[in-house]
Amino acid sequence: SSGINAEYGQVEAHKSKFNGIRVKDRRDISTHEKVLDRKTRVVILKMVNSGIIAQVNGVVSSGKESVIIHCNGGSLPGKDPTPVPDECVLKVHKTTLNEFSRRKDYIDRRYTKLISNNKKKLVEIWSMKEVHNLNRLRRHGVPCPEVVAYRKQLLLLSFIGSKGVPAMTLKEAVFSRDQLRSAYEQLMSGMKTMFTKCQLVHGDLSAYNLLWFNGTLYFIDLGQGVLSSHTAALTYLYRDCESMHGYFDARGLKGLHDARSMFVEITELEDLNVKDETVFLTQIEHLQRQEVTNFKHGRQSSDYAFESCFNESILQDVSSSEDEEEGGGEEK
């Protein structure tokens, strides 16, 4: 009973944080934190004017890399207009972030030279990367937001939540014993599907970028996700395992595997030495150098969906779109 009361109280406290969200005038797309630059506001206004977005409501989340704005959907233009989910979010990747050297670690080295030190191009490429990663997850049944539309560094995604109240992150959620077990099992299933079928590693998994809503675990923030044949993919995956093991261990989940055993279950690399961490890490380094995981699951580097978009012509399009926007160019 006390557990149920605690959970109910925590849910009500979470809802109260968003009671102040009010529908704003269509022209009012600025935020209380003044984080949207003029060009981003122009892009949002175009989405409103084209009917893709019916109304913009308010900021529900703001972090160091992006701002999440709740809105109501309209319809996608075309001969047969496609309805947009009634509740959506605009995810705006910030262009003022200074931690760009770290982002380049998550992009194939063959292409980072094409970006050079152009921060805006890098942010736009990062956004497209997240679009393709999210689409991959959805194709293979891993719960995550649906990409409705995107333009430059702005993504229109389905809303995980209800009536303007976003789903709780794992950091915020209070679980019963059965719910905690279910969350762990969904995590392991999702991470394994991502690695073996989507051929992706999240790369920055934590209790802050997993959402819990109506008994389902959702993966979010896939911009840094890398191909499982990336030169550091296994290192990133093990770091994700350590992060999530720490979370569930702190929550008191019984019968929890250690991070190394989680890693083996996800990758199906059963020859790894899980008893000795030093040996284990050495084996991971060797696998990354030899790209053994590529051959184990029949993967080739060219199989990555995003790679076909990541070329010089796209970067030229990104550059030219800045001039186009000044003259009122059409949205993608």
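Before reading on, note that the structure itself is shown above.
1. Thoughts on the packing of helix α8 (residues 259–267) against helix α9 (residues 277–290)
Where α8 meets α9, the closest approach of the two axes is 11 Å, and the angle between their N-to-C directions is 35°. Between α8 and α9 the crossing geometry is left-handed. On α9, the residues that touch Arg260, Phe263 and Val264 of α8 are Glu277, Phe280 and Ile284. A breakdown of the residues in the contact of α8 with α9 according to their chemical character gives 4 nonpolar, no polar and 2 charged.

2. A closer look at the sheet that holds strand β5 (residues 87–93)
The strands making up a sheet associate through backbone hydrogen bonding, with each pair oriented either parallel or antiparallel. Taken in spatial order, the 5 strands make up an open sheet running β1-β2-β5-β7-β6, and their pairing is antiparallel. Since the sheet does not close on itself, it has two edges, and those belong to β1 (53–62) and β6 (147–151), each with one partner. The mean inter-strand angle of the sheet, taken between neighbouring strand axes irrespective of direction, is 25°. Two strands pair when backbone bridges link them, and strand β2 (residues 66–73) and β5 are joined in this way by 7 bridges, in the antiparallel orientation. Of the residues in β5, the one forming a bridge with cysteine 71 is cysteine 88. Against the sheet, helix α2 (residues 38–49) touches β1, β5, β6 and β7 (154–158), its axis set at about 45° to β7.

3. Some thoughts on the pairing of strand β12 (residues 210–213)
In this structure, strand β10 (residues 168–169) lies alongside β12, joined through 2 bridges in antiparallel fashion. When the bridges of β12 are listed, methionine 168 appears paired with tryptophan 212. Remark: 2 residues form the turn of the hairpin made by β12 and strand β13 (residues 216–219), two consecutive strands paired antiparallel; asparagine 214 in that turn has positive phi of roughly 50°.

4. Describing the pattern of salt bridges
One pass over the full model with this rule turns up 3 salt bridges. The partner of lysine 91 in a salt bridge is glutamate 130, with the nearest N and O atoms 2.9 Å apart. Of this pair, lysine 91 sits in strand β5 while glutamate 130 sits in helix α5 (residues 119–139), and the two are 39 residues apart along the sequence. Take lysine 91: its relative accessible area is 5%, and that puts it in the buried class. Measuring nitrogen to oxygen at the nearest pair gives 3.5 Å for the salt bridge that ties glutamate 268 to lysine 192.

5. Examining the pairing of β2
Of all 8 residues in β2, 8 are buried; the element is thus mostly enclosed. In the sheet, β1 pairs with β2 via 7 bridges, with the strands oriented antiparallel. Looking across to β2, one finds that serine 62 is bridged to valine 67. Here β1 folds back onto β2 in antiparallel fashion, the turn holding 3 residues.

What counts and how
- Residues numbered from 1 in each chain as written.
- Predicted model: local features only at pLDDT ≥ 70, side-chain atom pairs only at ≥ 80, totals over all residues.
- Heavy atoms only, no water.
- Axes fitted to C-alpha atoms, helices over the stretch in contact; angles between N-to-C directions.
- Helix = DSSP H or I, 4+ residues; strand = E, 2+ residues; numbered from the N terminus.
- Left-handed = near helix turned anticlockwise from the far one by under 90°.
- Contact = heavy atoms within 4.5 Å.
- Nonpolar A, V, L, I, M, F, W, Y, C, P; charged D, E, K, R; others polar.
- Pairing = 2+ DSSP bridges.
- Salt bridge = Lys/Arg side-chain N within 4 Å of Asp/Glu carboxyl O.
- Buried < 20%, exposed > 50% of the residue type's maximum accessible area, 1.4 Å probe, protein only.

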